[in-house]
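Residue-level listing of the chains:
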Amino acid sequence: MSVASKGLAWAQRRWFLVALGVVALVGLRWAHTFEVYTAVDKRWSVLLVMFINGLTLETSRILAAMKRPSRVVLGVFFSYFFVAALGYPASRMLSGFQPDFALGILVICAMPTTLASGIIWTRMANGNDAFSLVMTVVGHALCFLVTPTILSLTARASVRLE
């Protein structure tokens, strides 16, 4: 097998990472070109991604995932509180010399699982993408309550909010 065909086989197996890298490089190099799209309402993009992901799922798989609420609750719990519990010590270590970065870690760790990490990565790992979709929807439905609570418990102790 030639080097070119091995490289092509590698890129085909990791198409998402390759595409993500290309988008990141294009965005860094030609960011000003895409300023036209800042007027687009981002909610429509999220709606479109959720709809496309939902189209590929069988309704029976989504209903099966919803019939096991304990798994969804456990998944949402870990995505919020376990990650926040890991992020808190990391932010405390950085708060002395990088307070803005430390606060950023707390904010990121208090957010719900995103579409990309919740659905796309699960699908790429041949996981249960129906469960992942339900967990992402539930996590986002609760974020207006859970995220401020986590931030009030963690950020108040290490960073003064203005």
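The coordinates are above.
Student: Help me understand a nonpolar patch on the surface in this model?
Tutor: There is a patch of nonpolar side chains on the surface, built from L74, F77, F78, F81, F82, V83 and L86 and spanning about 650 Å² of accessible area. When you line up the elements, L86 lands in helix 5 (residues 69–94).

Student: Whenever I open this one, the environment of R14 confuses me. Can you help?
Tutor: Positionally, R14 belongs in the loop between helix 1 (3–13) and helix 2 (15–29). When its relative accessible area of 30% is taken as the criterion, R14 is described as partly exposed. The spatial distance from the C-alpha of R14 to the C-alpha of M124 is 9.1 Å, given a sequence separation of 110 residues.

Student: It is not clear to me how the packing of helix 5 against helix 6 (residues 99–109) should be interpreted in this structure. Could you clarify?
Tutor: Closest axis-to-axis distance for the helix 5/helix 6 pair is 8 Å, and the angle between their directions is 175°. The angle between helix 5 and helix 6 places the two elements in the roughly antiparallel class. Contact residues: Y80, V83, A84, G87, Y88, S91 and L94 in helix 5; P99, F101, A102, I105, L106 and C109 in helix 6. Residues of the contact of helix 5 with helix 6, tallied by class, amount to eleven nonpolar, two polar and no charged.

Student: Honestly, the side chain of T147 in this entry has me stumped. Any pointers?
Tutor: If you trace the backbone, T147 turns up in helix 8 (residues 129–158). Residues in contact with T147, not counting those within four places in the same chain, are Y80, A110, M111 and P112.

Student: Sorry if this is basic, but what is going on with the nonpolar core here?
Tutor: One broad rule of soluble globular proteins: the nonpolar side chains tend to lie buried together. Residues V76, Y80 and I150 are the most contacted members of the largest nonpolar core, which totals 14 residues. Listed by contribution, the elements that provide at least two residues to this core are helix 5 and helix 8. Those residues in contact with I150 that sit more than four places away from it in its chain are Y80, F81, A84 and A110.

Student: Can you walk me through the environment of A102 in this structure?
Tutor: Assignment of secondary structure puts A102 in helix 6. In the structure, A102 is positioned 13 residues away from P89 in sequence and 9.7 Å away in space, judged by C-alpha atoms.

Student: Teacher, can you tell me more about the side chain of S95 here?
Tutor: Topologically, S95 is positioned in the loop between helix 5 and helix 6. Using a relative accessible area of 19% as the deciding quantity, one classes S95 as buried. In this structure the side chain of S95 is engaged in a polar contact, spanning 2.9 Å, whose partner is the backbone oxygen of R92.

Reading the values: rules and limits
- Numbers given to residues run from 1 along each chain, matching the order in which its sequence is written.
- Side-chain atom pairs in this predicted model are given and counted only at pLDDT of 80 or more, local residue features only at pLDDT of at least 70, and totals for whole chains, interfaces and linings cover all residues.
- The side-chain values count all of the structure's non-hydrogen atoms but skip hydrogen atoms and water molecules.
- Each patch is built from salt-bridge-free residues with over 30% relative accessible area, joining like charges within 9 Å and nonpolar side chains (Val, Leu, Ile, Met, Phe, Trp, Tyr) within 5 Å.
- Methods summary: accessible areas were calculated by the Shrake-Rupley approach with a probe of 1.4 Å, and residue burial reflects only the protein chains presented.
- Take a side-chain nitrogen of Lys or Arg and a carboxyl oxygen of Asp or Glu: if they are within 4 Å of each other, that pair is a salt bridge.
- Think of it this way: any DSSP run of H or I at least four residues long counts as a helix, any run of E at least two long counts as a strand, and we number them from the N terminus.
- Note on exposure labels: buried denotes an accessible area under 20% of the residue type's maximum, exposed denotes more than 50%, and partly exposed covers the range between, all computed with a 1.4 Å probe on protein chains only.
- Whenever a helix is involved, its axis is fitted only over the stretch in contact; in every case the axis is a line through C-alpha atoms, and angles between N-to-C directions fall within 0 to 180 degrees.
- Put simply, angles under 35 degrees are roughly parallel, angles over 145 are roughly antiparallel, angles from 65 to 115 are roughly perpendicular, and the rest are oblique.
- Contacts were defined at the residue level, with two residues in contact if any of their heavy atoms lie within 4.5 Å.
- Each residue gets one of three labels, nonpolar for Ala, Val, Leu, Ile, Met, Phe, Trp, Tyr, Cys and Pro, charged for Asp, Glu, Lys and Arg, and polar for the others, Gly among them.
- Nonpolar cores are built from buried Ala, Val, Leu, Ile, Met, Phe, Trp, Tyr and Cys residues. Side-chain atoms within 4.5 Å join them into one set.
- We call two N or O atoms a polar contact when they sit within 3.5 Å, provided that within protein one can donate a hydrogen and the other can accept it, with sequence-adjacent residues counted only if both atoms are side-chain atoms.

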